[in-house]
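As a plain string of letters, each chain reads:
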Amino acid sequence: MSQVTSPPPAAPAAAGPALAGIRAAKRPGRGGRSRVRSVLLHGTLMLASLIAIGPIVWVLLSSLKPGYAIQSSELTLFRDTTLANYSYVLTETSFPRWFLNSVIVAAFTMSIGIFLSATTGYAVSRFNFPGRRPLMMVFLVTQMFPVAILIVPIYTIMARLGLINTMPALIIAYLTIAVPFCAWMLKGYFDSIPTSLDEAAALDGAGPFATFWRVVLPLARPAVAVTAFYTFLTAWGEVAYASAFIQTDNKFTLAYGLQQFVPQFNPQWEYLTAAAVLVTLPAGLVFFFAQKHLVSGLTAGGTKG
């Protein structure tokens, strides 16, 4: 005689909402204290944002004022708004020439810096060769010296090479700042890429450089984007080397050329602020594209199984 098993009794209909209420009551972050924390957190972030963008907004508003309004003791956001400052900077000064010089120096510094940093970081990450560890230690030690100390020896080298008052002098000087740091950063990123990809590429007949160029470098797009942004900013806003190596007006870069608007006895703040706003535009564009590639690369890497 077979034994018939009856199905378990169904749970009461009210049990579902009751259990949900108990779980909601135990769930952290649902009380009044979490709301206070949320308000404090958002308030702190808003205050930090205002502190960060406050000077930028003030420079932007000042660039739209005449000189007497900027030097006035009365603080106003808008007063006699005009675009004459931008017109003067673009048409009556050497700003377009300084802008072109900065673009050339920054573009070459970024391109050469990415290539040198990427190849150096990959070589140190993947290969064992004599002097590997001392080389990375030298890169690390060079970051400990301030720029002011390095100006004299680099100036002496450039003078002996006949590169004073030339753009190559600035490019080489900026590479000495950017490449050591970027090589360290890219080396750490290359270490996170599995060596099995290199071995698979070698089995397919790819040489070391082909493996680096076609397989590893595309995977390191986020680090390359950061490297591009860092090397560009290194050359775009630097003043110390530009003031030491460049001697004529037609070779000035933007960062050094802006000093012409603030002479000792008659500072022209209206023109300086207008030029400063124009200087930030290319840097903002580079940051926009670098951020785009960085976020997309990190997202693609995070979704792989």
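Note: the structure precedes this text.
This structure is a prediction, so every number in the text was calculated from the model and none was measured.

**Q** Can you walk me through the overall build of the chain in this structure?
**A** The secondary structure content of the chain amounts to 14 helices and zero strands. Taken from the N to the C terminus, the helices and strands of the chain come in the order α-α-α-α-α-α-α-α-α-α-α-α-α-α. Partitioning the contacts of the chain with sequence separation of at least 6, the portion at a separation of at least 24 is 72%. In the form shown here, the chain has an accessible surface area of approximately 18,900 Å², with 69% of it arising from carbon and sulfur atoms.

**Q** It is not clear to me how unusual backbone geometry should be interpreted in this structure. Could you clarify?
**A** With the exception of glycine, most residues fall at negative phi, and the peptide bonds are largely trans. Positive phi values are uncommon outside glycine, yet N165 reaches one of about 65 degrees. Tracing the backbone through its elements, the reader meets N165 in the loop between α7 (147–161) and α8 (167–191). Judged by its relative accessible area of 15%, N165 is buried.

**Q** I tried to follow the packing of α7 against α8 on my own but got confused; where do I start?
**A** Packed helix pairs are specified by the crossing angle of their axes together with the interaxial distance, meaning the distance between the axes. Here α7 crosses α8 at 140 degrees, and the two axes come no closer than 11 Å. When the axes of α7 and α8 are compared, the pair comes out oblique. Both α7 and α8 take part in a crossing whose hand is right-handed. Facing V147, I154 and M158 of α7, the residues of α8 in contact are A169, I172, A173, T176 and I177.

**Q** For this particular structure, what's the right way to read the environment of W236?
**A** Take W236: it is sitting in helix α11 (residues 221–236). When residues no more than four places from it in sequence are discounted, the contact partners of W236 are F99, S102, V103, A106, L254, A255, V279, P282 and A283.

**Q** Explain the nonpolar core to me, please; I cannot follow it from the model alone.
**A** Side chains of a nonpolar character, in soluble globular proteins, are inclined to be buried together. V89, F95, L170, Y241, F245 and F261 are the most contacted members of the largest nonpolar core, which has 42 residues in total. Elements represented by at least two residues in this core include exactly α4 (84–92), α5 (95–126), α7, α8, α11, α12 (240–245), α13 (254–257) and α14 (269–302). With sequence-adjacent residues up to four places away left out, F95 is seen in contact with V89, L90, L254, L258, A275, L278 and V279. Ranked by size, the runner-up nonpolar core spans eleven residues in total, among them F190, I193, V216 and A223.

**Q** How should I be thinking about a nonpolar patch on the surface in this particular structure?
**A** Together, M137, L140, V141, M144, F145, I149 and W184 make up a nonpolar patch on the protein surface, roughly 660 Å² of accessible area in all. For the nonpolar patch, the leading source of residues is helix α6 (residues 132–142), giving three residues. For M137, the location among the structural elements is in helix α6. We classify M137 as partly exposed; its relative accessible area is 46%.

**Q** Teacher, can you tell me more about the packing of aromatic side chains here?
**A** Taken as a whole and judged by the stated rule, the model has 18 aromatic pairs. Ring centres 4.1 Å apart and planes at 20 degrees place the aromatic pair Y88 and Y271 in the stacked group. Taken together, the residues span a long stretch of sequence, with Y88 in helix α4 and Y271 in helix α14 at a distance of 183 residues. On the basis of relative accessible area, Y271 is assigned to the buried category, the value being 17%. Look at Y122 and F190: their rings are 5.8 Å apart centre to centre, the planes differ by 90 degrees, and that puts the pair in the edge-to-face class. Separated by 68 residues along the polypeptide, Y122 in helix α5 and F190 in helix α8 bring together distant segments of the chain. You can call F190 buried: its relative accessible area is 0%. Three or more aromatic residues link up through ring pairs in this structure, and these residues are Y122, F127, F190, F209, F212 and W213. Positioned above the aromatic ring of W58, the side-chain terminus of K65 is 4.9 Å from the ring centre.

**Q** Looking at this structure, I do not really get the pattern of salt bridges. What am I missing?
**A** If the charged atoms of two oppositely charged side chains come close together, the side chains can form a pair. Scanning the entire structure with this criterion turns up two salt bridges. Residues R126 and D198 are paired through a salt bridge, measuring 3.1 Å at the closest nitrogen-oxygen approach. Here the residue R126 occupies a position in helix α5, and D198 occupies one in helix α9 (residues 196–203), the gap between them amounting to 72 residues. The closest approach of N and O atoms between D191 and K187, which form a salt bridge, is 3.0 Å. With D191 and K187 both in helix α8 and four residues apart, the pair spans about one turn of that helix. A relative accessible area of 17% places K187 in the buried class.

**Q** Help me understand the packing of helix α10 (residues 208–219) against α11, please; the structure alone is not making it clear to me.
**A** Running from amino to carboxyl end, α10 crosses α11 at an angle of 80 degrees, the nearest separation of the two axes being 5 Å. By the angle between their directions, the pair α10 and α11 is classed as roughly perpendicular. Each of L217, P218 and L219 in α10 lies in contact with α11, whose residues at this interface are R221, P222 and V224.

**Q** Would you take a moment to explain α11 for this structure?
**A** Residues spaced three or four apart along an α-helix face the same direction, because each turn holds 3.6 residues. The first and last C-alpha atoms of α11 sit 22 Å apart over 16 residues, in line with the 22 Å expected at 1.5 Å per residue. Of all the residues in α11, the buried ones are P222, A223, V224, A225, T227, A228, T231, F232, T234, A235 and W236.

Rules behind the numbers
Residues numbered from 1 in each chain as written. Predicted model: local features only at pLDDT ≥ 70, side-chain atom pairs only at ≥ 80, totals over all residues. Heavy atoms only, no water. Helix = DSSP H or I, 4+ residues; strand = E, 2+ residues; numbered from the N terminus. Contact = heavy atoms within 4.5 Å. Areas by Shrake-Rupley, 256 points an atom, 1.4 Å probe, with all protein chains shown as cover. Buried < 20%, exposed > 50% of the residue type's maximum accessible area, 1.4 Å probe, protein only. Axes fitted to C-alpha atoms, helices over the stretch in contact; angles between N-to-C directions. Parallel < 35°, antiparallel > 145°, perpendicular 65-115°, else oblique. Left-handed = near helix turned anticlockwise from the far one by under 90°. Core = buried A, V, L, I, M, F, W, Y, C linked by side-chain atoms within 4.5 Å. Patch = residues over 30% accessible without salt bridge, like charges linked within 9 Å, V, L, I, M, F, W, Y side chains within 5 Å. Salt bridge = Lys/Arg side-chain N within 4 Å of Asp/Glu carboxyl O. Phe/Tyr/Trp six-rings, centres within 6.5 Å; stacked < 30°, edge-to-face > 60°. Lys NZ or Arg CZ within 6 Å of the ring centre and 35° of its normal. Expected span 1.5 Å × (residues − 1).

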